[in-house]
Amino acid sequence: MNKHRGQLQIAETLVSVALMLVLALLLIGATNQTLSSYSNLTGLDQTATDILAASDEAGLLRPVIYLYGDTRYEQEFLSYKNLLNEYITTIVSKNIDYALIAHEIVNGTINEDFFSVIGSSTALVALQQGGKGVVANYHLGSFTSATFGQYTTQYLVQLYLWEKF
């Protein structure tokens, strides 16, 4: 009986050590990914695209865009904006900055004027004048909500991501 108990304890110890090694490797990999430079902007571009698609699917993006500037729903707008901002910060590493803007589309033409939803307009201008970063575009055609009503304005939403220095 003691012989089997000893073998069981050895097996449990080996399994525990193996699990700790796997967890350590996962932690090291996550740390390397967080600290690595985004010199290859392809990965950052895919991240921006994924953020826009996932935040729309989660029901965060459309309320932020369509309720922007509507004083009737100012509290709801701020709540959705904070949730979207938190979502983005959980996805991108600390050395990445971001800004979210939207252009209204009128008769199939993108209006040059935009409104900045999250982030600094000054940083965007610097980025657009030759900085290294990526932009992901996302089209919103309409928004229908039992709470907020129906909106038919179209928007081009752009998420800019760049590495902080």
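Relevant structure appears above.
First, a word on what this report is: a plain description of the structure on this page. (Residues numbered from 1 in each chain as written. Predicted model: local features only at pLDDT ≥ 70, side-chain atom pairs only at ≥ 80, totals over all residues. Heavy atoms only, no water.)

Moving on, we come to the pattern of salt bridges. Pairing of side chains with opposite charge becomes possible as their charged atoms draw close. Scanning the model with the defined rule gives two salt bridges in all. Here Asp56 ties to Arg62 by a salt bridge, and the two come within 2.8 Å at their closest N and O atoms. With a relative accessible area of 13%, Asp56 lands in the buried category. Exposure remark for Arg62: the relative accessible area of 22% places this residue in the partly exposed category. (Salt bridge = Lys/Arg side-chain N within 4 Å of Asp/Glu carboxyl O. Buried < 20%, exposed > 50% of the residue type's maximum accessible area, 1.4 Å probe, protein only.)

Glancing now at the sheet that holds strand β2 (residues 109-118). Pairing in this open sheet of four strands is antiparallel, and the strands run β2-β1-β6-β3 from one edge to the other. Because the sheet does not close on itself, it has two edges, and the strands there are β2 and β3 (133-140). Taking each pair of neighbouring strands and ignoring which way they run, the sheet shows an average axis angle of 25°. Pairing of strand β1 (residues 96-106) with strand β6 (residues 154-163) involves 10 bridges; the strand directions are antiparallel. Pairing of Asp97 across the sheet is with Trp162, part of β6. (Pairing = 2+ DSSP bridges. Helix = DSSP H or I, 4+ residues; strand = E, 2+ residues; numbered from the N terminus. Axes fitted to C-alpha atoms, helices over the stretch in contact; angles between N-to-C directions.)

Positionally, Ser55 belongs in helix α2 (residues 41-57). Overall, Ser55 belongs to the buried group, its relative accessible area being 1%.

This paragraph deals with unusual backbone geometry. The phi dihedral of Asn107 falls on the positive side, at around 50°, and the residue is not glycine. Its place among the elements puts Asn107 in the loop between β1 and β2. With relative accessibility at 77%, the residue Asn107 sits in the exposed group.

The next subject is the packing of aromatic side chains. For any pair of aromatic rings, geometry is given as the distance between the ring centres together with the angle between the planes. For the coordinates displayed, the defined rule picks out 10 aromatic pairs. Ring geometry for Tyr66 and Tyr151: centres 5.8 Å apart, planes at 40°, overall tilted. Placement of the pair is Tyr66 in helix α3 (residues 61-66) and Tyr151 in strand β5 (residues 149-151), with a sequence separation of 85 residues. In this pair, the class of Tyr66 matches that of Tyr151, namely buried. On the numbers, 4.3 Å between centres and 15° between planes, the contact of Tyr68 with Phe115 is stacked. Placement of the pair is Tyr68 in the loop between α3 and α4 (74-91) and Phe115 in strand β2, with a sequence separation of 47 residues. (Phe/Tyr/Trp six-rings, centres within 6.5 Å; stacked < 30°, edge-to-face > 60°.)

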